[in-house]
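Topology and contacts: notes
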Amino acid sequence: MNGKIPAIAILALGAMLAWGVINMEAPKPEQEESELKADSSVQRGKHGGWLFVENDFQVEVKIYEDGIPPQFRVYVTTAEGEQISFDEVSLNIILKRLDRIDTIDFKPSRDYLLGGKVVAEPHSFEMTVNAEWKGQKFQWQLSQLEGRAEFSPEAIQNAGLVFKKAGPEKLVTKIRLPGEVGLNEEKVVHIVPRVDGVVKKVFKDLGDQVSRGEIIAILESRELADAKINYLTGTKQADIARADVDRETRVFENTQSMLDLLEQDLDQEEIYLKLKDLVIGKSRELLIPASAKLRLAKSIHNREKGLLEKGISSESEYLIALEDYKSAEARYIALREKISYDGAWSLRQKTKNLAIEQLNLQTSNQKLLALGLTPEEVDLLLEQDEQHFAQYELRATLNGTVIQKHLTTGEAVKKDDDIFLLADLSEVWVNFAIPEKELQKAQLGQKVFFKDGTQVLQGKLSYLSSIIDEKTRTVTGRVVMANKKGIMRPGAYVTVELVLDERRVPVVVEPDAIQNFRDWSVVFVKYGSLLEARPLELGENDGNRVEVLQGLKTGEEYVAVNSYAVKAEIEKSGGTHSH
């Protein structure tokens, strides 16, 4: 009997120790993280979940995620494994995460209690299980850590971590295309002499700046001299024709005045005095005597008529006087008509001659202007020395730069030779090819970014070709860019970014912040000294920003630079995915 007692005591002591291990309390929330990690020693139940036992009450908590979103399944039994009626049990689980606290309630489902919420990744939290059975209250705590690491300020500095806050930004959809800087073809001019000649002087060379109207070369041209002489000759002939018209106009007007006076009942002396100082010409010599003869014939006729009526004169004498009167009247009227017609005809001829001379002068003037002379230079031809008549000044027609030159002193050039090419480089064109498949998205006015050296420049799409290139299946797009400092050089290749769409999204992150962790795309959020992987559902990526559809809130701080260092530290520390 005495030999058996020690064995029984040993068995009893072993049973007590086993019961103590089973009923060991989970660490409290205020325990240090190192202590919470020890919770990995919590026993596992037959379903693979965490097993909590106190008195005769046993709870197994399982995160089930086989083909479905993660969810809690809780199995409640007695210590011997007999299932407890769900009506006798109330239970909830509280998950304390870095950024929030999730409270999960349960409802019966088959042989377990099913959590009412998805257990969102990452499964890194401090868990509190609250239960009540037969009037007894139970509470267990466990720390589940994964994808988390602690960084001191020194470690953050050594790793070169840079943090940013998640928030709203514009998401820019764009395509990258090759482009080339070209001349603004609306500001390029080919300078031609317009006259045949010989180069006397050249004032500008390649790369020189020129101003509009500036003399860039001087030629000697016989053609120009002939054109100037023709203009001067036309000027003198027009002046003569104008003087002829002026005199003919005065003669015509004075003749009309004479005709009007002769119709009035005035004596010859009075008519003579009124016409004395007027320029009338030969018509005065013809018409005044005819008028006097008519007056005399009329006077004789009237006298003979009176004598005939008194019976003093014979009828034959009266008839002779009447015939003389009518003849004088007819000659006078015919002479008046001829003088009036001849005066009007002569004035018309003089006016016609003036118009012809003025047209010739205008033609000569236009030819000089077409040859490049200014109106002011044409006006000064009368004062110009004849030895300079052959000198042709070739002038710049815009403000710009000499980019081609094809003449030397002493060289003979023709009127259509392309001897200078000037370009205004204060504006340039950036041309690029837009693929046919992107044409529906391309519209005039869209923003265009491109790099020229180290500078990022911005413009707007100002031109889209109407023709698709048969070989490349692209359409030419164009941006007109200011280039006052001459930084952009025609012929240079650039990479163009055509903005197809812009929209503001609630949350974005930096592309370099995103890491692949397990089978997630994550960023590492910062709460105090702790950095934790946060799985994200991502949207569009414009190359500079990535849209976050789910997983990150506005204002949360995340690692934007050197996030790979955080991933390496977490993997080294052994943050596992074990439930």
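About the thresholds
Residues numbered from 1 in each chain as written. Predicted model: local features only at pLDDT ≥ 70, side-chain atom pairs only at ≥ 80, totals over all residues. Heavy atoms only, no water. Helix = DSSP H or I, 4+ residues; strand = E, 2+ residues; numbered from the N terminus. Buried < 20%, exposed > 50% of the residue type's maximum accessible area, 1.4 Å probe, protein only. Lys, Arg positive; Asp, Glu negative; His and termini not counted. Salt bridge = Lys/Arg side-chain N within 4 Å of Asp/Glu carboxyl O. Polar contact = N/O pair within 3.5 Å; in protein donor to acceptor, adjacent residues only side chain to side chain. Contact = heavy atoms within 4.5 Å. Core = buried A, V, L, I, M, F, W, Y, C linked by side-chain atoms within 4.5 Å. Expected span 1.5 Å × (residues − 1). pLDDT = per-residue confidence, 0-100. Phe/Tyr/Trp six-rings, centres within 6.5 Å; stacked < 30°, edge-to-face > 60°. Lys NZ or Arg CZ within 6 Å of the ring centre and 35° of its normal.

Bringing the side chain of Arg 478 into the picture now. Structurally, the position occupied by Arg 478 is in strand 23 (residues 474-482). Buried charge Arg 478 goes without a salt bridge, the closest partner of opposite sign being Glu 185 at 5.7 Å. There is a polar contact of 2.9 Å between the side chain of Arg 478 and the side chain of Asn 431. For Arg 478, the contacting residues outside a window of four places in its chain are Trp 429, Val 430, Asn 431, Phe 432, Lys 460, Leu 461, Ser 462 and Tyr 463.

So, about the nonpolar core. Leu 368, Leu 394, Phe 420 and Leu 422 are the most contacted members of the largest nonpolar core, which has 31 residues in total. Sorting the residues of this core by element identifies strand 12 (188-191), strand 15 (215-220), helix 4 (222-263), helix 7 (315-370), strand 16 (391-395) and strand 19 (420-423) as the ones contributing at least two each. Broken down by element, the residue count for this core peaks at 6 residues, all from helix 4. Listed in part, the 28 residues of the second largest apolar core include Phe 52, Leu 95, Ile 104 and Phe 106.

Another point: helix 7. Because an α-helix completes one turn every 3.6 residues, residues spaced three or four positions apart along the sequence face the same direction. Taking 1.5 Å as the rise per residue, helix 7 with 56 residues should run 82 Å; its terminal C-alpha atoms sit 82 Å apart, in good agreement. Downstream of helix 7 by one or two residues, Gly 372 has phi in the positive range, about 110°.

Our next topic: the pattern of salt bridges. All chains considered together, the criterion is met by 33 salt bridges. Linking Glu 502 and Lys 447 is a salt bridge whose minimum nitrogen-to-oxygen distance equals 3.6 Å. Taken together, the positions of Glu 502 in strand 24 (residues 493-509) and Lys 447 in strand 21 (residues 447-452) put the pair 55 residues apart, joining distant regions of the chain. Given the relative accessible area of 34%, Glu 502 is considered partly exposed. Between Glu 540 and Arg 503 there is a salt bridge, with the nearest N and O atoms lying 3.5 Å from each other. Of this pair, Glu 540 sits in strand 28 (residues 537-541) while Arg 503 sits in strand 24, and the two are 37 residues apart along the sequence. Among the residues examined, Glu 540 registers a relative accessible area of 38% and is labelled partly exposed. Overall, Arg 503 belongs to the partly exposed group, its relative accessible area being 30%. Linked by salt bridges that have partners in common, Arg 97, Asp 99, Arg 100, Asp 102, Arg 534, Lys 553 and Glu 556 make up one network.

The next point concerns the confidence of the model for the protein chain. In this model, the protein chain carries a mean pLDDT of 87, and residues with pLDDT of at least 70 account for 91%. This stretch, residues 1-38, has a pLDDT under 50; its non-local contacts, to residues over four places away or in other chains, come to 26 contacts.

A few words on the packing of aromatic side chains. Scanning the model with the defined rule gives 8 aromatic pairs in all. Between the aromatic rings of Phe 72 and Phe 106, the centroid separation amounts to 6.4 Å while the plane-to-plane angle is 45°, which identifies the pairing as tilted. Placement of Phe 72 in strand 3 (residues 71-78) and of Phe 106 in strand 5 (residues 101-109) is noted, with a sequence separation of 34 residues between them. Look at Phe 72 and you get buried, because its relative accessible area is 0%. Here a set of aromatic residues connected by ring pairs shows up, and it is made of Phe 52, Phe 57, Trp 133, Phe 138 and Trp 140. Seen from the ring of Trp 429, Arg 478 lies directly overhead, with NZ or CZ sitting 3.8 Å from the centre. Above the ring of Tyr 463, the side-chain terminus of Arg 478 is found at 4.3 Å from the ring centroid.

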